Amino acid sequence: MAETLHASLPDEHLTGSAPGVSPVRLWLRLLSCTMLIERRLAGSLRARFGTTLARFDLLAQLAHAREEAPEGLTMSELSRRLMVSNGNVTGLVARLTREGLIKRRTSTLDRRAQIVCLTPKGEQALAEMIPEHHAWLAELVADMPQAERDRLHELVGQLKSAVDRAARRGGAA
């Protein structure tokens, strides 16, 4: 997708009039890196565990949230954390529930809300996947020196803050 978009944009959209890297080129570089990493992780998860990246991400979000939300996450919160629509989460939650990896119950505070949490089977499946997921990520960035990875992390954090500030000012809805 990033490559397709890049090819369809006139040069002035890629270079801009200001010196340095244009915002479009920066976005395309970030997008292409994200897509490459996601593609590799998705392929590895499928080959090794017969699962998808979306399923792994949902299980990982539930595990990550356990300290702050030991009872589980609402479907809406899960959607927000995964940055997908409620509809996308609904189908995924239904499948993972049928497989016994997660359980869903009605909230005691709001009967309209569903709370989702890991089952012991889901915890076990995730525990098997996480070390390999981390190893695959380490392999993907192994050729990049640690100091450069640290600097990139810092710069991407600055970018995230700048995007958040722009969003609060009403930039790019």
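Note that the structure is predicted; figures quoted are calculated from it, not measured.

Caption draft 1: Focus on the overall build of the protein chain. A tally of regular secondary structure across the protein chain gives 8 helices and 3 strands. Shown N-terminal to C-terminal, the secondary structure of the protein chain runs as helices and strands in the order α-α-α-α-β-α-α-β-β-α-α. The 173 residues of the protein chain split such that 26% are buried. At a minimum sequence separation of 6, the contacts of the protein chain that also span at least 24 residues come to 46%.

Caption draft 2: Geometry of the pairing of strand E3 (residues 114–118). Among the 5 residues of E3, 4 are classified as buried, and the element is accordingly described as predominantly covered. As paired elements, strand E1 (residues 73–74) and E3 share 2 bridges and run antiparallel to each other. Bridging across to E3, Thr 74 finds its partner in Ile 115.

Caption draft 3: Expanded view of a nonpolar patch on the surface. Residues Val 21, Leu 26, Leu 30, Leu 152 and Val 156 make up a contiguous nonpolar surface patch of roughly 400 Å² in combined accessible area. Those elements that place two or more of their residues in the nonpolar patch are helix H3 (23–49) and helix H8 (146–168). Relative to the helices and strands, Val 21 is located in the loop between helix H2 (11–15) and H3.

Caption draft 4: Inspection of helix H7 (residues 120–140) at higher detail. With 21 residues, H7 extends 30 Å between its outermost C-alpha atoms, agreeing within 8% with the 30 Å of an ideal straight helix rising 1.5 Å per residue. Helix geometry: H7 is bent most strongly at Met 129, by close to 25°, with proline Pro 131 lying one to four residues after it. Turning to H7, its buried residues number three or more, namely Gly 122, Leu 126, Met 129, His 133 and Trp 136. Those residues of H7 that are buried lie in contact with H3, helix H4 (53–64) and E3.

Caption draft 5: Structural view of the nonpolar core. In this structure, Leu 58, Leu 59, Leu 62, Leu 78, Val 93 and Ile 102 are the most contacted members of the largest nonpolar core, which totals 26 residues. Going through the elements one at a time, H3, H4, helix H5 (75–82), helix H6 (86–98), E3 and H7 are the ones with two or more residues in this core.

Caption draft 6: Seen up close, unusual backbone geometry. At Met 83, a position not held by glycine, the phi torsion is positive, near 60°. Of note, Met 83 is situated in the loop between H5 and H6. Given a relative accessible area of 74%, Met 83 falls into the exposed group.

Caption draft 7: Molecular detail of the packing of H4 against H7. For the pair H4 and H7, interaxial distance at closest approach is 11 Å and the crossing angle is 105°. The pairing of H4 with H7 is recorded here as roughly perpendicular in orientation. Every residue of H7 that contacts H4 at Phe 56, Leu 59, Ala 60 and Ala 63 is listed here: Leu 126, Met 129, Ile 130 and His 133.

Caption draft 8: Layout of the pattern of salt bridges. Across all of its chains, the model carries 8 salt bridges by this definition. Of the charged contacts, one joins Arg 55 and Glu 99 as a salt bridge, the two residues approaching to 2.5 Å between their closest N and O atoms. Taken as a pair, Arg 55 in helix H4 and Glu 99 in the loop between H6 and strand E2 (102–106) lie far apart in primary sequence, 44 residues in all. In this structure, Glu 77 and Arg 81 form a salt bridge, with 2.7 Å as the shortest nitrogen-oxygen distance. Highlighted residues: Glu 77 and Arg 81, both in helix H5, separated by 4 residues, approximately one helical turn. Accessibility expressed as a relative area gives 18% for Arg 81, which makes it buried. A single salt-bridge network, built from bridges that share partners, covers Glu 68, Glu 77, Arg 80 and Arg 81.

Rules behind the numbers
Residue numbers run consecutively from 1 along every chain, following the written order of its sequence. At least 70 in pLDDT is required for a residue's local features to be given in this predicted model, at least 80 for side-chain atom pairs to be given and counted, and no such filter applies to totals for whole chains, interfaces and linings, which use all residues. Computation of side-chain values: all heavy atoms of the structure, hydrogens and water removed. Strands are runs of DSSP state E lasting at least two residues, helices are runs of H or I lasting at least four, and both sets are numbered from the N terminus onward. A simple rule labels every residue: compare its accessible area, found with a 1.4 Å probe on the protein chains alone, to the largest value its type can have, and call it buried under 20%, exposed over 50%, or partly exposed in between. Pairs of residues are marked as contacts when any of their non-hydrogen atoms sit within 4.5 Å. At least two bridges found by DSSP between two strands is the condition for calling them paired. For patch building, the residue pool is restricted to those with more than 30% relative accessible area and no salt bridge; the joining distance is 9 Å between like charges and 5 Å between nonpolar side chains (Val, Leu, Ile, Met, Phe, Trp, Tyr). The protein chains shown are the only cover counted for residues, whose accessible areas, like all others here, come from Shrake-Rupley with a 1.4 Å probe. The salt bridge criterion pairs a side-chain nitrogen of Lys or Arg with a carboxyl oxygen of Asp or Glu, the two atoms within 4 Å. Every helix has an expected span of 1.5 Å times one less than the residues it contains. For a residue, the bend is simply the angle between two axes, fitted respectively to the seven-residue segment ending there and the seven-residue segment starting there. What makes a nonpolar core is a set of buried Ala, Val, Leu, Ile, Met, Phe, Trp, Tyr and Cys residues whose side-chain atoms join them at distances within 4.5 Å. Helix axes are fitted only over the stretch in contact, all axes being lines through C-alpha atoms; the angle between N-to-C directions runs from 0 to 180 degrees. Throughout, the term roughly parallel applies to angles under 35 degrees, roughly antiparallel to angles over 145, roughly perpendicular to angles from 65 to 115, and oblique to all others.

Just distances and angles here, no functional claims.
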